[in-house]
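Chain residues, written in single-letter form:
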Amino acid sequence: MSDDRWPPPPGPDHSADPPGPLEPRRASEPMRLGTIIERAFAIHRGAIGTFALIALVSALPLAVLGTLYQLGSRPSDTSLRQSLALLVYASAALLLIQPTASGTAVATLDALHGRRPDASRALRAVGERIGPLFLVAVGFAVGVALGGAAFLIPGLVLCVIWLFAPLVVVTERRGPGASFRRSAELVRGRFWATIGTWIVLVLVFGALGLVATIPTEMIAAGLADGDRAVVLANALALIPGVLVLPLAHIALALLYAERARQADGTWPAPERDAPA
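Residues numbered from 1 in each chain as written. Predicted model: local features only at pLDDT ≥ 70, side-chain atom pairs only at ≥ 80, totals over all residues. Heavy atoms only, no water.

Novice: I'd like to hear about helix α9 (residues 191-223), residue by residue, with values.
Specialist: Between the first and last C-alpha of α9 there are 47 Å, a value that for 33 residues agrees with the 48 Å anticipated at 1.5 Å per step. In α9, a bend of some 30 degrees at T213 exceeds every other bend along the element, and P215, a proline, comes one to four places later. Within α9, the full set of buried residues consists of F191, T194, I195, T197, W198, L201, F205, T216 and A220. (Helix = DSSP H or I, 4+ residues; strand = E, 2+ residues; numbered from the N terminus. Expected span 1.5 Å × (residues − 1). Bend = angle between axes of the 7 residues up to and from the residue. Buried < 20%, exposed > 50% of the residue type's maximum accessible area, 1.4 Å probe, protein only.)

As C-alpha cells, then:
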C-alpha cells in the first residue's frame, strides 16, 4: 500500500536529507518573501514531474498562441495594429494560464497539508470547476485588459485585487462573483505588501524563465531561419517551460495560502480525494 504522506518519511539511509516543504503544524508561522521563494523551490523539487504534467495543460496552447502571434507580427504593421495584437495576445494568455495556475494551487495546498501532490487530483479539481473557472478567467482577462488599455494603473490595481480569484474558484469551490470578492478580501489591508511580493516573484521567476529559454533560442537559430526558427524555438521552449513555469505558480499559491492564513487563521483546505 502506497504512503500518501509528503514529503515521504525518511528511511534509515536518509537521515541527513534536507528538510521538506512546510509542515501543517507550522501554519501559524508567517511566510515572508524569502520563505515563499525557498518553499516554492522545495515543493517543486519534491514533485517536479507532477508539476510539469500540470504545466503542460497551459504550456501547449500557450506555445501555439505564441507561435501564431510571432508569425503574424510584421515590422510593417502600424503601431495601433501592433498594440491591438499584443493586447489580444496578452488577454488570451491570461485566459489560458489559469487552469495550470489553479491546478498548481491544488497541488501546492496538498504539499502544505503534508500530502503528496498529485497531478490527477489537481486536474480533476480543475475539471470539476472548469465552467466557473472559465468565467473568472474571462472576467479577469477582460477587466485587466480594459483597465490596462484605459490607463496602466487601473489594470495593475485590478490584477492585484483579483490576483487570487482563479485559485479561489477551484480550491475553495466558490462561484465566480464570490471568488472575486474573496480575492479582494484577502488583499484588503495588504495591497502594497501583496503587490510588492508579487512583483518580486514575477521578476525572479520571469528572469529564471528567460534564462532557461536562451539555449532553445540558440538551438533554433542554428538549425533553422525565418518562420521555421520561430516554430522550432517555441516547440523547444516547452521543455524548460514545463520545468520552470510551475515555480511561479507554486509561489503564487503560497502567497495565496499566506493571505488566507492571515485572514482565516488557517490555510485553505486541501482537495478531497475522488470517491472510491
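The discussion continues.
Novice: So what's going on with the pattern of salt bridges? Residues and values would help.
Specialist: Applying the stated criterion across every chain yields a total of twelve salt bridges. Linking D110 and R115 is a salt bridge whose minimum nitrogen-to-oxygen distance equals 2.7 Å. You'll find D110 and R115 in the same group, each marked buried. Where E128 meets R272, a salt bridge forms, and the shortest distance between an N and an O atom there is 3.5 Å. Taken together, the residues span a long stretch of sequence, with E128 in helix α4 (residues 119-128) and R272 in the segment after α11 (238-264) at a distance of 144 residues. The class of E128 is partly exposed, set by a relative accessible area of 39%. One network of salt bridges, in which partners are shared, links R124, E128, R173, E271 and R272. (Salt bridge = Lys/Arg side-chain N within 4 Å of Asp/Glu carboxyl O.)

Novice: So what's going on with the packing of aromatic side chains? Which residues, and what values?
Specialist: Per the counting criterion, the structure on display carries four aromatic pairs. With 4.7 Å between their ring centres and 55 degrees between their planes, W162 and F180 make a pair best called tilted. With W162 in the loop between α6 (152-161) and α7 (165-171) and F180 in helix α8 (residues 176-187), this residue pair connects regions lying 18 residues apart in the sequence. For F180, a relative accessible area of 16% gives the class buried. (Phe/Tyr/Trp six-rings, centres within 6.5 Å; stacked < 30°, edge-to-face > 60°.)

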